[in-house]
Amino acid sequence: MTLQEELTSTVQALVAGNKGILAADESHPTIAKRFNAVGVEPSEDKRREYRSLILSAPGLGEFISGVILFEETLHQSSLDKRPMPELLASQGIVPGIKVDKGKIPLVNAPGDEITVGLDSLEDRLEIYKDRGARFAKWRDVYPVSDTLPSRQAVEANAEVLARYAAICQSLGIVPIVEPEVLIDGDHTIARCAEVSEAVIREVFTALARHRVALNHMILKPSMVTPGKDSPKATPEQVAEATLAVFRQVVPAAVPGIFFLSGGQTPEEATENLNALNSRGDQPWALSFSYGRALQEPAQKAWAGNLDNSQDCQAAMLKRARLNAAARAGGYYPAMEA
Ligand code: 13P
């Protein structure tokens, strides 16, 4: 296969059917927070146990097309001693990998951050690809206030995101481009829309500058919502505000917009995705690439105990199935029962 053919086949597999992506790529500090919340002491072995359990849930591949792994997991074996990428392949799921190295304060821009990890990215991608990864993820983060993010942060983050995407494509790896506009704060949905539009517009300007092929990438944005300390918007309001922004700034050549959940509850994230898919045809597939909203119930059910394996896998499958239904606009809350 040529690199172009590899990119095409990976993108097609990721957007296929009514499936979505599972983000299971929490860094050590983040997964430690999730484990502590369910009373589990984090360790390499516990991370392996938990991730092996959710990834081997029987039939997961019916609803999940790709899984974003953390580097450690890519090199681990499952509970039944298969390399994790091999386990995913047996489920018909494409393995992916988070490749950014997190964020640091952006100098001379108080309150803003910049994502790092471009140094030696090519070398790391070669290793990840040898190990089975076919797509990658890089996350930029934008806080929202009356004055943030600064113009400087919007431009600097877009530039690194575009450079990452170009490097991935040059190696036949599909980039997931993730500009996350944070839900933290008490801002209005209108302010979130304003920031999201500026951020995503700048990201596509940078992608064009770096000649990234839009048909060979996936956008992973946040939905347009009020800040989490403001009154909630209805799913219809979220869908309307989100589509109003995205139709202005996301080119039709992008095959899929796979949303992050970003602090929405599992049920909210499903309802909002369903509302987005209930407003007629759009130029792009509208799907999910959730971390917390897919995994929270599974983590609670597991609680660090292998005796709970079946309940953990059932909880994982339930959220995957309901979000796949939402991708088709066919979810209704009674399905939660
Ligand atoms: P959440 O859905 O929990 O926001 O995680 C998605 C993700 O991959 C963040 O980078």
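Here is a short report on the structure shown in this document. None of the values given here were measured: they were computed from a predicted structure.

**What to know about the overall build of the chain**
Here is step 1: Scanning the chain from N- to C-terminus turns up 12 helices and 10 strands.
Here is step 2: Here the chain has a C-alpha radius of gyration of 19 Å; the compact-globule value for 337 residues is 20 Å, and the two agree.
Here is step 3: Along the longest, intermediate and shortest principal axes, the C-alpha atoms of the chain span 50 × 45 × 40 Å.
Here is step 4: Evaluated residue by residue, the chain yields a buried proportion of 58% over its 337 residues.
Here is step 5: Of the accessible surface of the chain, which amounts to about 13,500 Å², a share of 50% is contributed by carbon and sulfur atoms.

**Some thoughts on the pattern of salt bridges**
Here is step 1: In this structure the tally under the stated criterion is 22 salt bridges.
Here is step 2: Across the pair Arg47 and Glu72 runs a salt bridge whose closest N-O atoms are separated by 2.8 Å. With Arg47 in helix α3 (residues 44-55) and Glu72 in helix α4 (residues 71-74), the pair connects residues that are 25 residues apart, well separated along the chain.
Here is step 3: Relative accessible area serves as the criterion here: at 14%, Glu72 is assigned to the buried category.
Here is step 4: A salt bridge links Arg191 to Glu194; its shortest N-O distance comes to 2.7 Å. Of this pair, Arg191 and Glu194 both sit in helix α8 (residues 189-209), 3 residues apart, roughly one helical turn.
Here is step 5: Given the relative accessible area of 16%, Arg191 is considered buried.
Here is step 6: Residue classification places Glu194 among the partly exposed residues on the basis of a relative accessible area of 49%.
Here is step 7: One continuous salt-bridge network, built from bridges that share partners, spans Asp25, Lys98, Lys137, Arg139, Glu178 and Glu180.

**Topic: the side chain of Arg51**
Here is step 1: Assignment of secondary structure puts Arg51 in helix α3.
Here is step 2: Engagement of the side chain of Arg51 in a polar contact is seen with the backbone oxygen of Ala24, the distance being 3.5 Å.
Here is step 3: Sequence-distant contacts of Arg51, defined by excluding residues within four places in its chain, comprise Ala24, Asp25, Glu26, Ile31, Phe70, Glu72 and Thr73.

**Topic: unusual backbone geometry**
Here is step 1: Residue Leu148 is joined to Pro149 through a cis peptide bond whose omega torsion reads -5°.
Here is step 2: Structurally, Pro149 is set in the loop between β6 (135-142) and α7 (151-170).
Here is step 3: We note that Ser120 has phi near 60°; this positive angle belongs to a residue other than glycine.
Here is step 4: On the secondary structure map, Ser120 appears in the loop between β5 (113-115) and α6 (121-130).

**A short note on the site of the ligand**
Here is step 1: Neighbouring the ligand are 13 residues, the closest being Lys137, Lys220, Ser261, Gly262 and Arg292.
Here is step 2: Measuring from an oxygen atom of the ligand, one finds a side-chain N or O atom of Lys137 at 2.5 Å.
Here is step 3: In isolation the ligand exposes 300 Å². Once the protein is present, 91% of that is buried.
Here is step 4: When contributions to the shell around the ligand are tallied by element, the ones reaching two or more residues are β6 and β10 (285-290).
Here is step 5: Tallied by class, the residues present in the shell around the ligand amount to 3 nonpolar, 4 polar and 6 charged.

**Description of the sheet that holds β6**
Here is step 1: Strand order in the closed barrel made by the 8 strands is β1-β2-β3-β6-β7-β8-β9-β10, with parallel pairing throughout.
Here is step 2: This element, α8, spans β6, β7 (174-181) and β8 (218-219) of the sheet and lies at about 150° to β7.

**Points about the nonpolar core**
Here is step 1: If you look at the biggest cluster of nonpolar residues, it comprises 96 residues, and the most contacted ones within it are Ile64, Leu125, Tyr164, Phe246 and Val250.
Here is step 2: With 10 residues, the single largest contributor to this core is α7.
Here is step 3: Beyond its immediate chain neighbours, meaning those up to four positions away, Leu125 contacts Val99, Ala136, Ile167, Cys168, Leu171 and Ile173.
Here is step 4: Ranked by size, the runner-up nonpolar core spans 13 residues in total, among them Leu14, Ile68, Ile176 and Ile218.

So, how was this worked out
Residues numbered from 1 in each chain as written. Predicted model: local features only at pLDDT ≥ 70, side-chain atom pairs only at ≥ 80, totals over all residues. Heavy atoms only, no water. Helix = DSSP H or I, 4+ residues; strand = E, 2+ residues; numbered from the N terminus. Rg over C-alpha atoms; globule rule 2.2 N^0.38 Å. Buried < 20%, exposed > 50% of the residue type's maximum accessible area, 1.4 Å probe, protein only. Areas by Shrake-Rupley, 256 points an atom, 1.4 Å probe, with all protein chains shown as cover. Salt bridge = Lys/Arg side-chain N within 4 Å of Asp/Glu carboxyl O. Polar contact = N/O pair within 3.5 Å; in protein donor to acceptor, adjacent residues only side chain to side chain. Contact = heavy atoms within 4.5 Å. Near = heavy atom within 4 Å. Nonpolar A, V, L, I, M, F, W, Y, C, P; charged D, E, K, R; others polar. Pairing = 2+ DSSP bridges. Axes fitted to C-alpha atoms, helices over the stretch in contact; angles between N-to-C directions. Core = buried A, V, L, I, M, F, W, Y, C linked by side-chain atoms within 4.5 Å.

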